[in-house]
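Structural overview for review
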Amino acid sequence: ASPPLDQVFQYIDEHQDDYVQHLKEWIAIQSESSNPTKRDDVIRMMQVVGETIKRLGGTVELTDVGNEELPSGKIIPLPPVVLGKLGKDPNKTTVGIYGHVDVQPARFEDGWSTDPYLLTEKDGNLYGRGSSDDKGPVLAWLHAIEAFQALKQELPVNLKFIFEGMEESGSKGLDELLKAKNETFFSNIDYIVISDSAWLSKKPALTYGTRGLCYFIIEVQCANQDLHSGLYGGTVHEAMTDLIALLDSLVNSTGYVLIPGIDSDVVPLTNEERVLYKEIEFNLEAFKHTIGTTELLHKTKEDVLLHRWRFPSLSIHGIEGAFSGPGAKTVIPAKVTGKFSIRLVPNMDPDKLSNQVMTYLNGVFAARGSPNQMQVALESGSKAWVAHVTDKQYDAGRRAISKVFGVEAELIREGGTIPVARSLQHTTQKSVMMLPIGSPDDRIHSQDEKLSRDNYINGTKLFAAYIAEISQH
Ligand SMILES: C[C@H](N)C(=O)N[C@@H](Cc1c[nH]cn1)C(=O)O
Ligand SMILES: [Zn+2]
Ligand SMILES: [Zn+2]
């Protein structure tokens, strides 16, 4: 690294305990966006983010994006989006940094080894909900900036921050904000960078694509009250039986999605793409070991990657209203709500897919001849994102990775969804790149989520190096 960047790296190393403490404070805020009872915590989290940017000398707008109507009909406020600015030198490149500080729900009883909201360090890993997804990476950006400032080094770029609190719940309100502010806040951004994903292996990566997501809800009702299965079993069309049949009709045992037409818009795979996938470093055995499984749906590295990144997939998440506690309760639930989602790949359209799903499920239900009430609804829908890897920003990313880690960046996609990536690219027409710092075994959304101290601290250096590199463009 050039001498000033060396100093920044040294400063980051020397202050790593402060950064861990800062992360501990953020992790303690239970900012679960999908849990309406935690909405105040998400709002407080957004205020904390705003204060942190202000302490760096930035200006902050906590932008109101309206309300959310819950299935019960209750209206609650959406958390504000933090729009921040730092620097406005017309001769400098302006970089927009996106991140989110809401988290997936977590409870100790879910099987965590430690309190999910008490950051706990063990064997070089920082355990806590949001450590990797996405509070750690957001803080790493802010610490990288603080390191330049502490050393009295002028920031070589102008920065704009877009930090939201609804990413884990479909980024509600964000697309509208983007459109409303495209000619103002977003107008002079040159590059947008996102760190909200993970490497595929131990090799640092740049991510150029994510899948989209359509989340569906099927509601089946058979009675106006739960029923004793001894008194009513064998006499009624049970809601659970209908729901299980509907869910079972969605995907077969090889993982093939059974909804007619789902593949019609998927871009055919080229030979060049297959070759690309062959060259990517990805250890199938390590992948299986991390999740504790012995066999996958696909046998080869290429096929597994293709089904993670390049083809749609369907997952069944849960059934609300069904008995799930310990013991042997014998009730017939009156009303059950099944939840499943489909990951979308480029060219698939959420509205078209939603129509295909509804037509199919209505047909499956009609064929059962059940008198029950059944409704399918699309809860949220977002498209996939693919970037132009020939953009200059990707060169800056490659150079930053090589400076910090001394290796070539791996170019990868992400099977998960970051709804705003496509919206930002589409609306602003600017280059969007993902610069992840998470590891593939970070267990995001799961029990014992963690970020390694090494990735947190080297990730902070990576962001500092990226800032230096992108300033050259
Ligand atoms: C990849 C990213 N860190 C992430 O976890 N995204 C979520 C987004 C989401 C959308 N609706 C609900 N969650 C995901 O891919 O599931
Ligand atoms: Zn995330
Ligand atoms: Zn997430």
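Quick notes on the rules
- Residues numbered from 1 in each chain as written.
- Chains lettered and ligands numbered in written order.
- Predicted model: local features only at pLDDT ≥ 70, side-chain atom pairs only at ≥ 80, totals over all residues.
- Pairing = 2+ DSSP bridges.
- Helix = DSSP H or I, 4+ residues; strand = E, 2+ residues; numbered from the N terminus.
- Axes fitted to C-alpha atoms, helices over the stretch in contact; angles between N-to-C directions.
- Contact = placed C-beta atoms within 7 Å.
- Domains from an automatic or database assignment.
- Nonpolar A, V, L, I, M, F, W, Y, C, P; charged D, E, K, R; others polar.

The protein is annotated in an unreviewed UniProt entry as Peptidase M20 dimerisation domain-containing protein of Scyliorhinus torazame.

This part is about the sheet that holds strand E15 (residues 335-344). The strands making up a sheet associate through hydrogen bonds between their backbones, and the pairing can be parallel or antiparallel. With respect to topology, 4 strands assemble into an open sheet ordered E13-E15-E11-E16, the strand pairing being antiparallel. A strand with exactly one partner marks an edge of an open sheet, and here the two such strands are strand E13 (313-320) and strand E16 (373-382). Adjacent strand axes in the sheet meet at a mean angle of 20 degrees, parallel and antiparallel pairs treated alike. For strand E11 (residues 212-221) and E15, the ladder comprises 10 bridges, and the chain directions are antiparallel. For Tyr215, the partnering residue across the bridge sits in E15 and is Ser341.

So, on to the sheet that holds strand E6 (residues 120-122). Strand order across the open sheet formed by 3 strands is E6-E7-E20, with antiparallel pairing between neighbours. Only two strands of the sheet have a single neighbouring strand rather than two, namely E6 and strand E20 (450-452). Mean inter-strand twist for the sheet, computed between neighbouring axes without regard to direction, equals 25 degrees. Note that E6 and strand E7 (residues 125-127) share 3 bridges and pair antiparallel. Paired with Glu121 across the two strands is Leu126, which belongs to E7. Where helix H14 (residues 453-470) meets the sheet, it contacts E6, E7 and E20, and its direction lies at approximately 65 degrees from that of E20.

Domain boundaries in the protein define domain 1 (3-210 + 384-470) and domain 2 (215-266 + 311-379). For domain 1 and domain 2, the distance between their C-alpha centres works out to 35 Å. Listed as interface residues are 4 residues of domain 1 and, on the opposing side, 5 residues of domain 2. For the side of domain 1 that touches domain 2, the residue count by class is 2 nonpolar, 2 polar and no charged.

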